[in-house]
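# Summary of the model geometry
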Amino acid sequence: MKFPVEITVNGVKRRSEVEPRLLLVHYLRDVLEITGTHVGCETGICGACTVHLDDEAVKSCMVLAVQADGCSVTTVEGLASDGTLDDVQQGFWEEHGLQCGYCTPGLLMSAHDLLRKSPNPSAEEIRRAINGNLCRCTGYQTIVHSIQNAAQKMRAKKPAAAKQVQPAKLRTSKRKREQRRPATV
Amino acid sequence: MKNFELYEPSNVREAVATLVKIGPKAKVIGGGSDLVAGVMKDWVQGNGMPLPDALVDLSTIPQLKGIKVDKTGATIGAMTTLTEIVESKDLQKQFSLLTQAAHSVASPLIRNFGTLGGNINQRPRCWFYRGAEFNCYKKGGDFCYSVGGDNRYHAIIGGELCYIVHPSDTATALLALNAQAKIAGPRGDRTVPFDQYFIGPREDVLRENILKADEVMTEVFIPTPAPGTKQAWSKLKNRQVYDFAIVSVAAAFTTDASGNWADGRVVLGGVAPVPYRATNIENQLKGKNVKNSIKQAAATIRTAARPMSMNAYKVDVAQTMVERTILGALG
């Protein structure tokens, strides 16, 4: 039995019918053919598949596509605008934050999640924040430098926003009721 | 992954009705970090543990989310994510033990989607249980492979038949904070203190808690700790970043003006099939100066411990960690 889902991916509403067992990462890559999000371990260890689900970084190999119904998803393709890299991507570019690049889409999304919550993170804080992302080339030094560089760029652009500490928020389910299957058979 | 039917209830009553209707082959899903990404993807199954035919997704029930703190205590919905718990200023103020324990779970990416209810009710991480080739007691088989196999991370206390350790950090902290679980079922709601929530393999080897197949944990209530309660959390892992505990210690206690132990709890994770309340240690400390007596009290863990061939080191670790955690809480 397939389920209708409506997921906003990188700002575009996408409607599909999916099996409940389909993982979000496979939905993105195989159904929508948006392949910037990588699949590494497929068991929630490596973080290559990290995307934003309603602005929070999650491992898309651990989320069912149906659980993202009604939510908005941002993948690495959603970062650059009009062919211009965003600050985090630019930071990775300038500080050589990648070698083979396989982990990079996930690390970029984790870095964004960190910088949204903490605009001026210490190296230690960065290391903790990216501890769910593995870099098999072990290029962690330059990744940390890249995120520091990105933080600087972002602070320079919005000095007022950088001082604001974001309050904790509760994410409420945005899933659409009319699309839900009746609970009892 | 095995295919399954999906049910999306809009309230708890619907969720319970669905579980009753479908029976034990339906399972509730929170964030799915363990059920989907662990159990189902790795085909962890056996006679006593069939893979679910149907999942009842609790993320469509908004009432299960949220943190409410008032004079009596904190009420946390079972579907509240671990990140929401970590970031809650209200919890940090009075229940810092839970904040710390939740923060020590996995990585931010998993905490962003993983829920409190899921963390408490996740299945154990024993590598034999998780391995498809091992038809162990916990899956309904007739053997525990840890007895003759590599048991370096297995139980040192309370193992019988099956030597898993309880994997949840938040469960360990909640037991130390004397919390209660609210459970909804076909016969109505019931409230169970965490003291009685977890069960060992002798009681039922196929599960780790009293939650029945047609019941849903809806929320957790933590009573406001007595004024001046000291709280501390520590967790030893094999690697600095995310992993399950080799040993964890949660302590919440009060002392009188002269530094004598008044009341409190010491709970260990990673050592037993349930979060282990070290009443031996608590009793040893009762009425005594904590600073002067903790060394001797912590050593009583040795009388409870029955280590296996490769995990005697965990007894030393547990003893030392209890000592350090309690001294740390004294400041």
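Anyway, here's the lowdown on the structure attached to this text. None of these values were measured; they are calculated from a predicted model. (Residues numbered from 1 in each chain as written. Chains lettered and ligands numbered in written order. Predicted model: local features only at pLDDT ≥ 70, side-chain atom pairs only at ≥ 80, totals over all residues. Heavy atoms only, no water.)

Let's shift gears to unusual backbone geometry. Residues other than glycine seldom take positive phi values, yet His96 of chain A does so here, at roughly 55°. Tracing the chain through its elements places His96 of chain A in the loop between helix H2 (87-94) and helix H3 (104-117). Its relative accessible area of 59% is what places His96 of chain A among the exposed residues. With a phi close to 65°, Leu161 of chain B is a non-glycine residue in the positive phi region. In this fold, Leu161 of chain B is placed in the loop between helix H8 (127-130) and helix H9 (169-176). (Helix = DSSP H or I, 4+ residues; strand = E, 2+ residues; numbered from the N terminus. Buried < 20%, exposed > 50% of the residue type's maximum accessible area, 1.4 Å probe, protein only.)

All names here are of chain B. Of all nine residues in strand S10 (residues 247-255), eight are buried; the element is thus mostly enclosed. As paired strands, S10 and strand S11 (residues 261-269) are joined by eight bridges and run antiparallel to one another. Across the sheet, the residue bridging to Ala252 is Arg265, located in S11. (Pairing = 2+ DSSP bridges.)

Moving on: the sheet that holds strand S12 (residues 276-277) of chain B. Hydrogen bonds between backbone groups are what pair the strands of a sheet, and the pairing can be parallel or antiparallel. All names here are of chain B. Taken together, the four strands give an open sheet; going across it, the order is S9-S10-S11-S12, and neighbouring strands pair in antiparallel fashion. Single-partner strands in this sheet number two, and they are strand S9 (230-236) and S12. In terms of strand pairing, S9 meets S10 through seven bridges, oriented antiparallel. Looking across to S10, one finds that Leu236 is bridged to Val247. Sitting on the sheet, H9 is in contact with S9, S10, S11 and S12, with an inclination near 165° to S11. On top of the sheet, helix H13 (residues 313-330) reaches S9, S10 and S11; it is set at about 35° to S10, its chief contact. (Contact = heavy atoms within 4.5 Å. Axes fitted to C-alpha atoms, helices over the stretch in contact; angles between N-to-C directions.)

Turning to the interface of chain A and chain B, a few remarks are in order. How big an interface is tends to be stated in terms of accessible area lost as the parts join. Across the contact, 46 residues belong to chain A and 45 residues belong to chain B. Both faces considered, chain A and chain B share a buried interface measuring about 3,800 Å² in area, 56% of it formed by carbon and sulfur atoms. Remark: the boundary between chain A and chain B carries one salt bridge. Across the salt bridge formed by Lys117 of chain A and Glu87 of chain B, the nearest N and O atoms sit 3.2 Å from each other. At the surface where chain A touches chain B, the tally comes to eleven residue pairs in polar contact (both at pLDDT 80 or more). Every element with two or more residues in the side of chain A that touches chain B is listed here: strand S3 (50-53), strand S4 (56-59), H3 and helix H4 (123-129) of chain A. (Buried area = accessible area lost by both parts, 1.4 Å probe. Salt bridge = Lys/Arg side-chain N within 4 Å of Asp/Glu carboxyl O. Polar contact = N/O pair within 3.5 Å; in protein donor to acceptor, adjacent residues only side chain to side chain.)

On to the packing of aromatic side chains, then. Residues and elements named next belong to chain B. A full pass over the atoms with the stated rule returns nine aromatic pairs over all chains. With a centroid separation of 5.0 Å and 65° between ring planes, the pair formed by Phe134 and Tyr145 is classed as edge-to-face. Note that Phe134 is positioned in the loop between H8 and H9 and Tyr145 in the loop between H8 and H9, a separation of eleven residues in sequence. According to the relative accessible area criterion, Phe134 is partly exposed, its value standing at 22%. Assessed through its relative accessible area of 25%, Tyr145 is described here as partly exposed. Taken together, a centroid distance of 5.1 Å and an interplanar angle of 85° make the contact between Tyr197 and Phe198 edge-to-face. (Phe/Tyr/Trp six-rings, centres within 6.5 Å; stacked < 30°, edge-to-face > 60°.)

Counted by the stated rule, this structure contains 30 salt bridges over all chains. Asp113 of chain A serves as the salt-bridge partner of Arg116 of chain A, at 3.0 Å between the closest nitrogen and oxygen. Separated by three residues within a single helix, Arg116 of chain A and Asp113 of chain A lie in helix H3, roughly one turn from each other. For Asp113 of chain A, a relative accessible area of 5% gives the class buried. Close ionic contact of Asp53 of chain B with Lys2 of chain B constitutes a salt bridge, the shortest N to O distance being 2.7 Å. Of this pair, Asp53 of chain B sits in the loop between helix H2 (35-40) and strand S3 (54-57) while Lys2 of chain B sits in the segment before strand S1 (5-7), and the two are 51 residues apart along the sequence. Residue class for Lys2 of chain B comes out partly exposed when judged on its relative accessible area of 22%. What you see here is one network of salt bridges that share partners, running through Glu56, Asp113, Arg116 and Lys117 of chain A together with Glu87 of chain B.

Residue and element names in this part refer to chain B. By the secondary structure assignment, Asp169 is in helix H9. Separated by 2.5 Å, the side chains of Asp169 and Lys235 make a polar contact. If near-sequence neighbours (up to four positions away) are discounted, Asp169 is found in contact with Ala101, Ser104, Val105, Asn119, Trp233, Lys235, Ala245 and Ser248.

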